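Residue-level structural notes
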Amino acid sequence: MRQVTIRIAAWAALCWPGAALAESLPAPLDDAAWPAVDAAEAALGQLLFYDPILSGNREVACATCHHPAFGTSDGLSLPLGDGGRGLGPARAVDPENPPEQRVPRNSQALWNVGAHEYVSMFHDGRVERDPEAPGGLRTPLDADMVAGFASMLSAQTMFPVLSPDEMAGHYSENEVAQAVRQGRLTGPGGAWELIARRVAALPGYARRFEAVYGLAPDGIGFTDISNAIAAFITFEFRSDTSPFDARLREGTPLPPEAEAGLGLFYGAAGCSDCHSGPFLTDHGFHAMGAPQIGPGKAARFESHARDEGRFRVTGRAEDRHAFRTPSLRNVALTAPYGHAGSHATLRGFVADHLDPVAALARYDRAQAVLPRMEAADWRILDDAEEAGAIGASVTAPPVVLGEGEIDALVAFLEALSDPVAAAGRLGVPDAVPSGLTVPNP
């Protein structure tokens, strides 16, 4: 291994002289990359983020699928929201309240999503900045989108509470789910107002909302809840103190293998073509042939199991099977990988990502991390035509790297792990004002 590492380092030094590599690296991050956060607002958001009171059946919190113990994801290929028990890879179907289906997409990590640079949210970018849209945001609610969200992140955080599979629950089980089923999302009696009234009725929250926003209980709106959660996410999951950041700020060299991987990342491997900038994402959408598992992203009235990504937002043929370029910050902490969590390990995903069309044909289904339940998880991959369409959407040419070079890339990606962010700033609260169970392993 030592000989391989030295050989890679020598190759990187030859192909990437110091000056050329320096020109390819992003500028280091500073405080200007994030909005200022009020400490009291973030502390309020922390409680709401970990409180199941926001879910229809009072059983699922934001943290259930975005827990710091699992890199702000959940350690599963596809989440189990309402109808699940436990946390992380140990989460299982609740036999007394089984879910209707798995959540269709992998739970995205939350590192740095509050930064100014972010222009869209979700795997398909269906919440995004648009100066011509109501409130400056384009969302699935279109003209019905309410005003008052302080940021795009604030708007994004509250769509999961409307999803039956994630937080709302079955329509027969609670008033929030019934409102969602009837299409009453905003306005009086809508799902968002019902949740806001739950929160406002709790003295522990009423006091905090008055202190932070100057609001009486009857003035607490759903946007105020989401604004507080967004402030917490922005503060808690800021990540800019990794070894890579020290490399950018002070020129501190990475370990030799990681340094060689950095040269590959910004050189022959072509990773930085899409994973560019300080957050290692171009914020764009690309069809990269990642295997699709699970129920897909069909509407309730549709019977197919396809997930065509950005195409469902834009309707453009060139966006079929394209998904948002994920940031690679703390990527070593956020397994599984891919929009459907198809790969259990970072190295496995990197190796397949180099030639995704060939990898799709030989995909090992044992890589998926799926809690046991009755579900047709392989409908798309079992259909040669559907699986072929995923591969046909890929336009990027394959990249050929040796095993040692893949190891070097993974070593560089591990150098993106930030110990400060991983440890947390506010952390997990011991209790929340609702008195409900705080999700924690």
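Note that the structure is predicted; figures quoted are calculated from it, not measured.

**Observations regarding the environment of Ser120**
Mapped onto the elements of the fold, Ser120 is located in strand β3 (residues 120-121). Each C-alpha atom, one on Ser120 and one on Arg324, is 8.7 Å from the other, the two residues being 204 residues apart in sequence. Of the polar contacts made by the side chain of Ser120, one reaches the side chain of Arg324; its length is 3.1 Å.

**A closer look at the sheet that holds β3**
Taken together, the three strands give an open sheet; going across it, the order is β3-β4-β5, and neighbouring strands pair in antiparallel fashion. Either end of the sheet is taken by a strand with one partner, and the two such strands are β3 and β5 (137-138).

**Here's the deal with the environment of Pro255**
In this fold, Pro255 is placed in the loop between α11 (243-250) and α12 (256-265). Owing to a relative accessible area of 55%, Pro255 belongs among the exposed residues under this scheme. Each C-alpha atom, one on Pro255 and one on Ala431, is 41 Å from the other, the two residues being 176 residues apart in sequence.

**Quick notes on the packing of aromatic side chains**
As enumerated under the stated definition, the model contains 17 aromatic pairs in all. Put simply, the rings of Phe49, Tyr50, Trp111, Phe232 and Phe237 touch in pairs and so form one group of aromatic residues. Stacked on the ring of Tyr171, the Lys or Arg Arg181 has its end atom at 4.2 Å from the ring centre.

**A short note on unusual backbone geometry**
Omega for the peptide link from Ala335 to Pro336 comes to -5°, which places this bond in the cis form. Along the polypeptide, Pro336 turns up in the loop between β7 (323-324) and α14 (346-353). In this structure, Arg58 takes a positive phi of about 60° despite not being glycine. As for its placement among the helices and strands, Arg58 is situated in the loop between α3 (39-49) and α4 (62-65). A positive phi angle is found at Asn330, which is not glycine, with a value near 60°. On the secondary structure map, Asn330 appears in the loop between β7 and α14. On the accessibility criterion, Asn330 (0% relative accessible area) is buried.

Parameters and conventions
- Residues numbered from 1 in each chain as written.
- Predicted model: local features only at pLDDT ≥ 70, side-chain atom pairs only at ≥ 80, totals over all residues.
- Heavy atoms only, no water.
- Helix = DSSP H or I, 4+ residues; strand = E, 2+ residues; numbered from the N terminus.
- Polar contact = N/O pair within 3.5 Å; in protein donor to acceptor, adjacent residues only side chain to side chain.
- Pairing = 2+ DSSP bridges.
- Buried < 20%, exposed > 50% of the residue type's maximum accessible area, 1.4 Å probe, protein only.
- Phe/Tyr/Trp six-rings, centres within 6.5 Å; stacked < 30°, edge-to-face > 60°.
- Lys NZ or Arg CZ within 6 Å of the ring centre and 35° of its normal.

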